[in-house]
Each structure stands twice: as structure tokens, then as C-alpha cells.
Amino acid sequence: MAGIAIVGCGYVADQYMQSLPRYPELQVIGVFDRNPSRTAQFSAYHSAPRYDSFADVLGDERVTLVLNLTNPRSHFDVSAECLRAGKHVYSEKPLATDFEQAKQLVALAASRGLWISSAPCTLLGETAQTIWRALREKQLGDVRVVYAELDDGLVHLMPYRKWVSASGTPWPYKDEFEMGCTLEHAGYYLTWLVAFFGPVRSMTAWASIQVPEKTTDVRLDTASPDFSVACMQFESGVTARLTCSILAPHDHQLQIVGDRAILTTPDCWMFRSPVTIRRLIRIRRRQFYSPWGRRYPLVGADNPKIPVRGSTQIDWCRGAADLVHAIREGRKPRLAPDFCLHVTELTLAIHNAGSRPGAIPITTRFEPVDPMPWAK
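Scope of this entry: the structure provided in the associated data block. Predicted model only: the values in this text are computed from it and were never measured.

Time to look at the layout of surface pockets. Approximately 380 Å³ is the volume found for the second largest pocket. What lines the second largest pocket is a set of 22 residues, among which T97, L348, A349, N352 and R356 lie closest to the centre. If you list the elements that add at least two residues to the lining of the second largest pocket, you get α5 (99–111), α7 (173–179), α11 (337–351) and β15 (358–361). By residue class, the composition of the lining of the second largest pocket is 10 nonpolar, 6 polar and 6 charged.

Okay, structure coming up:
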């Protein structure tokens, strides 16, 4: 059993607690938030021990791993302090809001003989692992192009003030709008794409702010893109286009186009989103995709399901659990530091493309990721 501490008891922390029962090897030693009332509320709701200070977290020798679930602006400072205190870190996305700081975290972890890993962990879910297996089996032939959508509708017109977590924390709409949908969402598909097709060699991106003022009761301190699009060239030769917005109607579809077939899944936020393959058919002088898709068998279908409530069906603790298993087994985690740094570089480059649009050379690379054992 590994002792973990949760730092940051906000909206997303409740989602981690919902999936925690799936992993008895993860023991919550304590929780902490810089807002004492939030710490107390979260601790009482989940019957979890609480810390009175961040220093108490750092000084607790029972803690092997810290889950950094703070606001993205705090990710670097909190993670750095935890690493200096000898704790492994699993951070919410992104590793840091500045690429140089993200590189510092990876270097700091390596210098201390520690691991730092980052959300999202949906790559480790049943749908992503199923798609990856189909690609390894060459079910589509050679892959030529990929379209990935992460549109969430006109969020600024939705009743987001009524969105409340299980323990009673309101959705942090000011922070969410200030961070922007690219920083918050791009990683859900970027992690899949780079695991499937390898490092990105170059990328052309563009981002814009279509709705500058998204709230009526509080002024945003920072304006971030609410629309972005990136075209990526992978070292494997595959090309992909990723679109993020909180404007266009909800669409989380992934399409992977190969020489023999097209693979689709409707939503990367669902760990068991169905995977469909439609074969390319030729009849005389015509060529088209079969209107009857074949459901590709979901790998890991016998894995225990998590009773997660809400708009996403994600096993939020799977990445942290893999990190703990990696520490025990003496291997690198699947969401390894070099992998997370590559995803962070891509995410920040897309996010910042409003001020620096155009072709972007990508500097980081990573070692290949292993599939989950039940998906090999």
C-alpha cells in the first residue's frame, strides 16, 4: 500500500475520490487546500484525514506520492516543493503553464531519483487501449490522417454557476475561462495521438478569442483562446488535426483514416466509448466506406467499472495507480516524464498560437509507451 496526499481540494478532487475505491493500494494519508474551509468541507465529506498546512504534507514521511490537484497556476510551485521534499508527484494537467518551468520539473525529478507524471490518464482507458490495439494489428492498413474534435458548446451561455461537485465545490468558472479550453482539454487527445503515432516533429497552430468577456459577475484577469486548431506532422509520417473550442456544438469524435478502413469513437471522455471500424468498399467504378460499421471488441471489458457520476466517465486515479505500480516494479510509468513533457510542449504551443501563429518546431521527444498489460 502506498501513502498518498491530495493537495488541492477543488472541483476535480471529488472526481479522483470517486474512482479511488478501485485502488486499495492507494491510501489517502491526508488532504490539504490553501483554503481552510475547503479542506474541512472536503475532508468531512470524504471522511479523509486533513493537514493543517502544506508544510505538514511535505514533512509526512508516510506519503510516497502527492496528487497535485491545484489550480494550473500553482502546479509548478506545488510540484517543485513536493519533489524537493522527496515525494513522487502526479499532477493535474498541464505540468506547468510555462514550458521552461515544465522542463525544470522533469529535470528536478530526475536529479532526485523521483517520478513526476501528469494527467490526463485517458490513454490508459479501455477505449484508447482498444484503438491502439487495432492500430497495432493494422486493422486500417496504413494510417494517413486523423481528425480529433474537442468542442464543448457555448459554455459561457450555459448555467455553469449551478455546476457543483459532490462535496459542494462550485465549478471554478473564472479559472476555467482564464486558463482556456486548450490548456484544459487538448491533452485528452494529444496523449492518445503521440502514444499511437510517436513524437510530433512539427506543428502549425492558430488560436483566437471569439468571446472576450465570458462572465457578467466577475471580470477575467486573463483572456485565453476559446478556439484553437493545430495540424501536426508526426515522425511516423501520420498527419493529424486537433480542434478545441468552447463555442461549437459538443463534439468529441475521433476519426482515424487508413488505406483500408476508417476507425471512429464518439468521445475520449468516456473510458468505454465504443470503437467502430468501417471498411472501404469498391463496387465497379465507385468507392465508399461501408454504411455498416463493425464494433471492434473492447479490450479490458472485464475490468471493474467505476461508479463515476457526471458528464465524463473517467477513472481519474488510473494514472496515479500506474505510477505507484511503476515505483514498486522498478519501471518507468506509462505516463513518463518525457512523455508528459512532450504533451505539455504541444499543449502550450497551441494555447499560445494566438500571439505566435504558424509553423512551430517541436523540441522534445520521448521513449515509446507500453500498452496496458491487458491490452497487449
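There's more to say after this.
On to the pattern of salt bridges. Counted under the stated rule, the structure contains 22 salt bridges. Between E81 and R84 there is a salt bridge, and its shortest N-O distance comes to 3.0 Å. Here R84 and E81 lie together in helix α4 (residues 75–84), a separation of 3 residues that amounts to about one turn. Accessibility expressed as a relative area gives 33% for E81, which makes it partly exposed. Judged by relative accessible area, which is 45%, R84 ranks as partly exposed. Between R144 and D259 there is a salt bridge; the shortest N-O distance is 2.7 Å. Linking R144 in strand β6 (residues 143–151) with D259 in the loop between β10 (254–258) and β11 (261–265), this pair joins segments that are 115 residues apart in sequence. Exposure remark for R144: the relative accessible area of 48% places this residue in the partly exposed category. One continuous salt-bridge network, built from bridges that share partners, spans R73, K174, D175, E178 and D221.

Before going further, it helps to examine the packing of helix α9 (residues 187–197) against α11. The interhelical angle for the contact between α9 and α11, taken along N-to-C directions, is 130 degrees, at an axis separation of 10 Å. When the interaxial angle is binned, α9 and α11 end up oblique. Between α9 and α11 lies a crossing of right-handed hand. Residue-level inspection shows G187, L190, T191, V194 and A195 of α9 in contact with α11, the latter providing F339, H342, V343, L346, T347 and I350. Of the residues contributing to the contact of α9 with α11, the split by class is 7 nonpolar, 4 polar and no charged.

The next subject is the nonpolar core. Residues Y90, L123, F197, M203, L242, I256 and F339 are the most contacted members of the largest nonpolar core, which totals 121 residues. The dominant element in this core, judged by the number of residues it contributes, is α9, at 9 residues.

Scanning all chains against the criterion turns up 16 aromatic pairs. Taken together, a centroid distance of 5.8 Å and an interplanar angle of 45 degrees make the contact between Y16 and W316 tilted. A residue pair is termed long-range when its members are at least 10 positions apart, and Y16 in helix α1 (residues 11–19) and W316 in the loop between β14 (294–295) and α10 (318–329) qualify at 300 residues. Grouping residues by exposure puts Y16 and W316 together as buried. Three or more aromatic residues joined by ring pairs make a cluster, and in this case those are W132, Y189, W192, F196, F197 and F234. Over the aromatic face of Y173 sits the side chain of R161, whose NZ or CZ is 5.4 Å from the ring centroid. Over the face of the ring belonging to Y147 we find R241, whose NZ or CZ atom lies 4.5 Å from the ring centre.

Attention now moves to empty space enclosed by the protein. Here the structure, examined in full by the defined rule, presents 2 cavities of 30 Å³ or more. A volume near 110 Å³ is recorded for the largest cavity. What lines the largest cavity is a set of 15 residues, among which K93, S118, A119, P120 and V343 lie closest to the centre. Of the residues belonging to the lining of the largest cavity, the class tally is 9 nonpolar, 5 polar and 1 charged. In terms of lining, the second largest cavity is formed by Y16, Y90, E92, A119, P120, C121, Y188, I314 and W316. Grouping the constituent residues of the lining of the second largest cavity by class yields 8 nonpolar, no polar and 1 charged.

This paragraph deals with unusual backbone geometry. Residue P94 is bonded to the preceding K93 through a cis peptide linkage, with omega at -15 degrees. Looking at the secondary structure, you find P94 in the loop between β4 (88–91) and α5. A cis amide bond links A119 to the next residue, P120, at an omega of 0 degrees. Despite not being glycine, S47 shows a phi value in the positive range, around 55 degrees. Its place among the elements puts S47 in the loop between α2 (36–46) and α3 (54–58). Its identity as a non-glycine residue notwithstanding, R284 has a phi of 55 degrees, on the positive side. In this structure, R284 sits in the loop between β12 (276–283) and β13 (286–289).

Turning to the pairing of β13, a few remarks are in order. Alignment of β12 against β13, held across 4 bridges, turns out to be antiparallel. Across the sheet, R282 pairs through a bridge with Q287, a residue of β13. Taken together, β12 and the strand that follows it, β13, pair antiparallel across an intervening segment of 2 residues, in which R284 is found at a positive phi of about 55 degrees.

What counts as what
- Residues numbered from 1 in each chain as written.
- Predicted model: local features only at pLDDT ≥ 70, side-chain atom pairs only at ≥ 80, totals over all residues.
- Heavy atoms only, no water.
- 1 Å grid on protein atoms, 1.4 Å probe; cavity = no way out; pocket = protein on both sides within 12 Å on 5 of 7 lines; lining within 4 Å.
- Points joined across faces, edges and corners; volume = space filled by probe spheres on them.
- Helix = DSSP H or I, 4+ residues; strand = E, 2+ residues; numbered from the N terminus.
- Nonpolar A, V, L, I, M, F, W, Y, C, P; charged D, E, K, R; others polar.
- Salt bridge = Lys/Arg side-chain N within 4 Å of Asp/Glu carboxyl O.
- Buried < 20%, exposed > 50% of the residue type's maximum accessible area, 1.4 Å probe, protein only.
- Axes fitted to C-alpha atoms, helices over the stretch in contact; angles between N-to-C directions.
- Parallel < 35°, antiparallel > 145°, perpendicular 65-115°, else oblique.
- Left-handed = near helix turned anticlockwise from the far one by under 90°.
- Contact = heavy atoms within 4.5 Å.
- Core = buried A, V, L, I, M, F, W, Y, C linked by side-chain atoms within 4.5 Å.
- Phe/Tyr/Trp six-rings, centres within 6.5 Å; stacked < 30°, edge-to-face > 60°.
- Lys NZ or Arg CZ within 6 Å of the ring centre and 35° of its normal.
- Pairing = 2+ DSSP bridges.

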